[in-house]
Every structure is written in structure tokens, then in C-alpha cells.
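# Fold and geometry: a report
One letter stands for each residue in the lines below.
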Amino acid sequence: MEETYRELTTYLRRLALLGSSNSLLSWERETFMPEGGTQLRSEQVSLLAGVQHQWATAPRLGELLDELIEADLGPADGPTAVNVRQAKRDYDLATKLPQRLVEDLSRVTTLSQGAWHRAKQSNDFSAFEPWLDQVLTLKREEADCLRAGADAPLYDSLLDQYEPGMTTEQLKATFGPLREQLVPLVSAIADASDKPAADILNRDFPIDQQQAFSRKAAAAIGFDLDSGRIDESAHPFCSGIGPGDCRLTTRYDEQFFNMAFFGTLHEAGHGIYEQGLNPEAFGLGMGQSVSLGIHESQSRMWENLVGRSHAFWHHFYPEAQERYAALKDVPLEQFYRSINLVEPSWIRVEADEVTYNLHIMLRFELEQQLVAGDLKTADLPEAWNALFREYFGITPPDDAHGCLQDVHWSAGLFGYFPTYALGNIYAAQFYNAAERELGNLHDLFASGQFAPLKDWLNKNIHSRGQQYLAADLVKVVTGEEFSADPLLQYLNHKFGEVYRLSN
Ligand code: ZN
């Protein structure tokens, strides 16, 4: 058994090296590659992805796993059992889909992303609709190959690829009550008489200052720049290349403070997670992140619960005022309220902490119906707008600002959106647990101490790898069941204060 296990871990490590080489090529494509390199790079990346797939589905890997799964691997949450279980899961996912389906999905989603892009620019949903139909047909077939039993909802197997263990039913039970309480909070905020000023964040913020300031803040919260980089790209992302090498990107707008600063904190939150994984377990379950939702909980925590707190700015605001002449006449209190502005808008990626979750619930509702075949693609724009009115009280002006705004569906990413809201929910639960153990976190932030929280996350979440599924991890770390109540309490409390909703 030991011999077999050693062969498995050596194999998985090499497979991870292959994957990380591909990640590095992809990172470089988004940051420094000259325009002319596009064709060559796409060939390089797809060749490597093909080799990776061959390795990940190799019969020898299947034999090793078959042998090990029967053996005594020790406690279920011990490293050996976790590593074998996760490898088996990945192997099953990679081998359950027929090669023909994998190729069709890759070809159709590439073309449909192009079609989506053109349809969005010309605000023409009808040009995209046949593509959406094709993608959905393939995704249903994929979900059917992956589902546990004939009765399981198709949507569950799509969701499970991003958030293992989470079910449609559990999401409905969590999102429903959360939405019922968020809608009145949004309308109370809309009716508030004393609103923060938005325009102070649209003054002049010289880019060299933004670079230096956001870099300094990322380092202050614990992103290790000796083992990481921060560069620029059109769409910010974090790529954990592997132990000792994590790359973040951000983007700058000279006339908008929030974009680079909070974008960098967000990606640094992802990066701190990647840097906190056990390097010895590279390529193994014990050295990988739990799920997209747990990953997002880390970015959201640093971006919002920490970065948009009063205490954080108590510490950083004097420096901000020194760097930016535009803020010299703006008192801390006013700045704090402005970075926490809540405003129903059509666009998800620009949404604030309160309305963001409603954007996700809307997509969750519609994509479930699309996958189940209860909503026809032709009826999507109307269904989108009707639900938008119900949740936000406003109607998108056109489909480009409505159902065409996100790339996800054209790329076949059904079941992905919920992980964004899950991130907010987990973050609030983890934050409360950290505070119970460490004492008042705001007192620490106000004096620039972020290491206690970062170390707590390292110990309780990052170093555990995939030891537990997300909901079990929440239970182990917080002692509580997965619940949206802490998020709701946090939002009600914070925005009640920001908007002075004292009644
Ligand atoms: Zn993120």
C-alpha cells in the first residue's frame, strides 16, 4: 500500500507541475504577451491542456486509485484518506465525460463566447440565443454524465464541479430567506435621506500613487511579495502558480479610487489563501483550496469586511490624504461612507456589498430554470427583466445591461454564479469565529494589525486544504451550521449605521 501511495503522490505532483506550467503561460498571455503571440500561445496552452487531460485520465492512475480506495487509509479526515479521496474525485470527473463531449464543449463555448461578445456590443440577444441553446444542450448532457442518480437535479452536478457537496436545495433554502430580508434593506437605503457623496471618489487619483498605495495595503494585510507579484491586466485575477509563486493582477482608473484599491485587496485575499496552502502537499488534496466559494470568502473578507471597515481607514486614511490632494478636504467619516455607497445598478461587477447578492440570486434562479428546461432561451430577456424589477425595483434599459452582461453562460459556466454569494456568506461566518477567538478585530485593524486575522485564516482554513467539504469546514471552524444569518446581521448593522437608519 505504501509503495502504491508513493507512486500516486509522485504522479499527482508531476501532473500539478504540468498544470502550473500552463497557468504561467495563461498568466503571461493576460499581462505581457505581445498581441502577435496570440496564435502561438493558444496552441501552446491547448497542447499542454491536452497532455494534462491524458495524464489525468491515464489507466495507470485509475489502477492506483482502485487499489488504494480498498486499502486502510486511516481516519477519513487524515492526510492519506483525503489525498486519495480527492484524487479519485478528480479522476472520476475527468473520465466520466466522453471525449466527444469534451471536444464539443470546448469548440462550442469558444465560438459562443465570440458570439456573446458581438451580441452584447450590438445589444442583439437574438444573435446569441441559438448559441446559448447549443451550450445548454451540451451542459445538460455533461450534467447527466456526472450526476449521482437519475433523480438528482441536473443543476446539482454542474454546481458540484465548483462547490463540491453543495446542492440546489440547500442553496434555495439559504438564498430564499436572505433575499426576503435584503430587498427591504435595499429599499430602506434607497429611501434614506442622508446619502453618502459618490463624487469624491471620482476625483484625480494619479496612477503611480495608486500603484504604490494598493501594493502597500496588499502587503500590510499579508500578501507576501517575495513569493508573489502584482501586475496589470484588463480583467483582474489571481493565479496561484504553485508554492512560492502567486500572481495577482489589477487595473487602474485615474478618475476612480475604488477600482484598483479594492480590486487589489480582493485579489490579495485570494493570493493569501494560495500562499497559505501547504507547499509539501502541492498537487494533493491536502494542498488545494476547498471550493470556489471558500476561495471567494477569503477575497471578500479582505476586500469588504476588512478593507471597507471604518477601523481599516482609521489606520490608512492619513496616508491616503498624504498621497492624494483630492482627499485633503474630505473628512474620514465622509470617505468611509462614500466607499460604502449602496446603489441599485444593472451591473453585477460594479455592485456594492448589499445588492451584490441579489444579482447572484437572480442568476441562480434563471440558470436553474434554463438547465431544467423550464425556461426557454427565447424567453430569457423578459424573465430577466421581470425578476430584476422584483429584486431591485428598476428595469434594465436593454439586454446588454441585462441578460447579456456576463460572459459566464456563453462559456458554459452554469452553477458558477452561486459561489460568489456563498463567498460572502462563508466570509461573515469565518469573521465572527475569528473575532470570538481573537477579540475585537476592529481594534486590531485600527492600529494596523492584520497579522492576527491572517494567521488565524492560515491555521483554520488555508493549511487544511481539502480536508473537509465547504459546509463541513464551516462547522469545524465556527462550530455552527452553514447559515446566511451572520452575513445578514453584518449588513444590517453596518449599513444601518452608514445610512443612519436608526428607526
Ligand atoms: Zn474573487
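Residues numbered from 1 in each chain as written. Predicted model: local features only at pLDDT ≥ 70, side-chain atom pairs only at ≥ 80, totals over all residues. Heavy atoms only, no water.

Here the focus is the pairing of strand β2 (residues 238-242). Where β2 and strand β3 (residues 245-250) come together, four bridges link them in antiparallel fashion. Bridging from a neighbouring strand, C238 pairs with L248 of β3. Linking β2 back to β3 in an antiparallel pair, the connection comprises two residues, with G244 at a positive phi of about 85°. (Pairing = 2+ DSSP bridges. Helix = DSSP H or I, 4+ residues; strand = E, 2+ residues; numbered from the N terminus.)

Relative to the assigned elements, D406 resides in the loop between α15 (380-392) and α16 (418-438). Judged by relative accessible area, D406 falls into the buried class, the value being 11%. A polar contact of 3.0 Å, which involves the side chain of D406, links it to the side chain of R348. Once you skip the residues sitting within four places of it in the chain, D406 turns out to touch W116, R348, R363 and F417. (Buried < 20%, exposed > 50% of the residue type's maximum accessible area, 1.4 Å probe, protein only. Polar contact = N/O pair within 3.5 Å; in protein donor to acceptor, adjacent residues only side chain to side chain. Contact = heavy atoms within 4.5 Å.)

What follows covers the coordination of the zinc ion. Only H266 (NE2), H270 (NE2) and E296 (OE) from the protein coordinate the zinc ion, and they sit 2.1 to 2.3 Å from it. Written as a sequence motif, the donor residues of the zinc ion are H-x3-H-x25-E. Taken together, the positions of H270 in helix α10 (residues 257-276) and E296 in helix α11 (residues 292-306) put the pair 26 residues apart, joining distant regions of the chain. Comparing H270 with E296, the two get one shared label, buried. (Donors = N, O, S within 2.8 Å, 3.2 Å for Na, K, Ca; no water.)

Next up on the list: the packing of aromatic side chains. Overall, the coordinates contain 37 aromatic pairs when judged by the stated rule. With centroids separated by 6.0 Å and ring planes inclined at 40°, the aromatic side chains of Y11 and W55 adopt a geometry described as tilted. Taken as a pair, Y11 in helix α1 (residues 2-31) and W55 in helix α2 (residues 38-56) lie far apart in primary sequence, 44 residues in all. Y11 sits in the buried class, given a relative accessible area of 18%. Accessibility expressed as a relative area gives 25% for W55, which makes it partly exposed. Judged by centre distance (5.4 Å) and plane angle (25°), the ring pair of F445 and F450 falls under stacked. (Phe/Tyr/Trp six-rings, centres within 6.5 Å; stacked < 30°, edge-to-face > 60°.)

We now examine the layout of surface pockets. Computed from the structure, the second largest pocket encloses a volume of approximately 500 Å³. In terms of lining residues, the second largest pocket is bounded by 22 residues, among which H442, Y490, H493, K494 and E497 are the most central. Every element with two or more residues in the lining of the second largest pocket is listed here: α12 (310-323), α13 (332-338), α16 and α20 (485-498). At seven residues, the largest contribution of residues to the lining of the second largest pocket is made by α20. Residue composition of the lining of the second largest pocket, by class: eight nonpolar, seven polar and seven charged. (1 Å grid on protein atoms, 1.4 Å probe; cavity = no way out; pocket = protein on both sides within 12 Å on 5 of 7 lines; lining within 4 Å. Points joined across faces, edges and corners; volume = space filled by probe spheres on them. Nonpolar A, V, L, I, M, F, W, Y, C, P; charged D, E, K, R; others polar.)

Counting residues in each nonpolar core, the largest one holds 123 residues, and the members touching the most others are F257, W313 and F430. Counting contributing residues, this core receives three or more from each of domain 1 (2-146) and domain 2 (168-498). The residues contacting F257, other than those within four sequence positions of it, are L201, F205, Q210, F213, F262, W313, Y324 and F335. Counting residues in each nonpolar core, the second largest holds 21 residues, with L12, V82, A87 and A94 among its members. (Core = buried A, V, L, I, M, F, W, Y, C linked by side-chain atoms within 4.5 Å. Domains from an automatic or database assignment.)

What follows is about the packing of α1 against helix α4 (residues 79-96). At a closest axis distance of 12 Å, the pairing of α1 and α4 adopts a crossing angle of 55°. Between α1 and α4, the angle is such that the two are oblique. By crossing handedness, the relation of α1 to α4 is classed as left-handed. Together, Y5, L8 and L12 of α1 and P79, T80, N83, V84 and A87 of α4 make up the contact between the two elements. Of the residues assigned to the contact of α1 with α4, the class counts are six nonpolar, two polar and no charged. (Axes fitted to C-alpha atoms, helices over the stretch in contact; angles between N-to-C directions. Parallel < 35°, antiparallel > 145°, perpendicular 65-115°, else oblique. Left-handed = near helix turned anticlockwise from the far one by under 90°.)

This part takes up empty space enclosed by the protein. Overall, the coordinates contain two cavities of 30 Å³ or more when judged by the stated rule. Of the pockets and cavities examined, the largest cavity occupies roughly 60 Å³. As for the largest cavity, its lining consists of R300, N304, L305, E353, N357, N424, A427, L487 and Y490. Contributing elements (two or more residues each) for the lining of the largest cavity: α11, α14 (353-372), α16 and α20.

Here we take up the sheet that holds strand β1 (residues 228-232). Pairing between the strands of a sheet is mediated by backbone hydrogen bonds and can be parallel or antiparallel. Sheet architecture is open: three strands sit in the order β1-β3-β2, paired in mixed fashion. A single partner strand is all that each edge strand has here, and the edge strands are β1 and β2. Neighbour-to-neighbour, the strand axes of the sheet open up by a mean angle of 20°, direction not taken into account. As paired elements, β1 and β3 share five bridges and run parallel to each other. In the sheet register, I230 faces β3, and the bridge partner there is L248. Helix-sheet contacts for α10 involve β1, β2 and β3, and the interaxial angle to β3 is about 165°.

What follows concerns helix α7 (residues 154-162). The element α7 is largely enclosed, with a buried count of seven among its nine residues. Among the residues making up α7, those that are buried are L154, Y155, D156, S157, L158, L159 and Y162.

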